[in-house]
Amino acid sequence: MDMMPFEPTPTPESKRRGRFVSWLAASVAGAVIGSAATWYVAPKWMHGETNSQTETAETTAKSEALPLQPTGNVNTNMIAAINKVADAVVGVVNIQKQVDFFSEQAQDTEAGTGSGVIFKKDGDAAYIVTNNHVIEGANKVEVALANGKKVKAEIVGADALTDLAVLKIPAEGVTNVASFGDSSKVKIGEPVAAIGNPLGLDLSRTVTEGIVSGKRTMPVSTSAGDWEIDVIQTDAAINPGNSGGALINSAGQVIGINSMKIAETGVEGLGFAIPSENVKPIVEQLMKDGKIKRPYLGVQLVDVADLSDDVRTNELKLPSNITSGAAVTSVEPFSPAAEAGLKSKDVIVAINGDKIDSVSALRKYLYTKTSVGDRIKLTIYRDGFETTVSVTLKARESSQS
């Protein structure tokens, strides 16, 4: 038979001690609960005060296609910020003609999906900014609005080098237009959220949250050539389909257009967005001209650093201390370079005295520091000797530099 051990009978003194311990425990618990309630309620009051201050702050919109507003209060509640922007984020569908294997008939096929941000509503039209790679190669583009309705979109303009494009749709059904903040004021560690359509429209307007992890300049390869693009780095999850979507701050302002991520085994939280300060001039020129007018030389180039020592020494006849620059492989007839007398095997090492160590550096200098019609001075090496050549830049008509 199982035996249950007896417990000692409590004495009067032990009873009094037990009641005191119970009273002390209840007092401590009450203090803890009271403190927790205070810490819980206080932020609510503080957030309420911050929200009311933010709501009363108003900015005067400029008569620009894409005005940048003063950066809002970054302590604003993120839920309110997301609700402010979410309906302005749309799905973008790239439709291309493909030949059916069995019928051999060409038919429209969905080639991919991405995201976009409605930034302007003007009369019967609304305008959307997205990535160029989202709509590149499309013969038709559709936009899926927040209410699920799909409408046909017109490509107003696109630029492969900066990976930006502008679309136009009927304004009917557009209920929200995003405001853009000034990305130059963004701080490392600031909370942000990415809104877009990862993996397609079934997950439309998905929100992921993180912080600004850094500000970088990233080398990219585009259909218009190699380029270096300024980006905002974030650990907010960005996946295929998020391209063209919004990166917002906690004031509900778009500070970047989500563009790319590093997707490698063992790599997490490395997403990148084009800053709004860089989006603004491109969008406004696309709205005006339908394309970006850039100066060009009319040459094909290769990085000197990628050439072998034998080629640098025997073909280009470069001094041993010249190991970088942009080597000319061909010159387009009747181009600015041809008119200036540039030749194949010339090596460009400086523009207007600024060192040029690569093709991308040359391209970036031309596109950011010069204009059509400018006369520039190139420092080159030809047959082993340094010389200078003056070139008058013309409008860029092709993907050449």
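Residues numbered from 1 in each chain as written. Predicted model: local features only at pLDDT ≥ 70, side-chain atom pairs only at ≥ 80, totals over all residues. Heavy atoms only, no water.

S.K.: Looking at this structure, how should I read the pairing of strand E2 (residues 89-99)?
M.R.: One face of the sheet, then the other: side chains in a regular strand alternate in exactly this way. As judged from the 11 bridges shared by E2 and strand E3 (residues 106-122), these two strands associate in the antiparallel manner. Across the sheet, Lys-97 pairs through a bridge with Asp-108, a residue of E3. Once E2 ends, the chain turns through six residues before running back antiparallel as E3, passing Glu-104 with a positive phi of about 60°. (Pairing = 2+ DSSP bridges. Helix = DSSP H or I, 4+ residues; strand = E, 2+ residues; numbered from the N terminus.)

S.K.: What exactly am I supposed to notice about the pattern of salt bridges here?
M.R.: Where charged atoms from two side chains of opposite charge approach closely, those side chains can pair. By the definition in use, this model includes 11 salt bridges. With a closest N to O distance of 3.2 Å, Lys-97 and Asp-108 form a salt bridge. Linking Lys-97 in strand E2 with Asp-108 in strand E3, this pair joins segments that are 11 residues apart in sequence. By relative accessible area, Asp-108 is classed as partly exposed at 34%. (Salt bridge = Lys/Arg side-chain N within 4 Å of Asp/Glu carboxyl O. Buried < 20%, exposed > 50% of the residue type's maximum accessible area, 1.4 Å probe, protein only.)

S.K.: For this particular structure, what's the right way to read the sheet that holds E2?
M.R.: Backbone hydrogen bonds hold the strands of a sheet together, and the pairing may be parallel or antiparallel. The six strands lie next to each other as E2-E3-E4-E7-E6-E5, forming a closed barrel whose pairing is antiparallel. Averaged over neighbouring strand pairs, the angle between their axes works out to 40° when direction is ignored. Its contacts with the sheet place helix H4 (residues 276-289) against E3, strand E4 (125-130), strand E6 (150-159) and strand E7 (164-170), and it is angled at close to 55° to E7. (Axes fitted to C-alpha atoms, helices over the stretch in contact; angles between N-to-C directions. Contact = heavy atoms within 4.5 Å.)

S.K.: Mind showing me how you'd approach the side chain of Ser-179 here?
M.R.: Along the chain, the position of Ser-179 falls in the loop between E7 and strand E8 (180-181). Looking at Ser-179, the relative accessible area reads 16%, which means it is buried. Filtering out sequence-adjacent residues up to four positions away, Ser-179 remains in contact with Gln-69, Gly-252, Gln-253 and Val-254.

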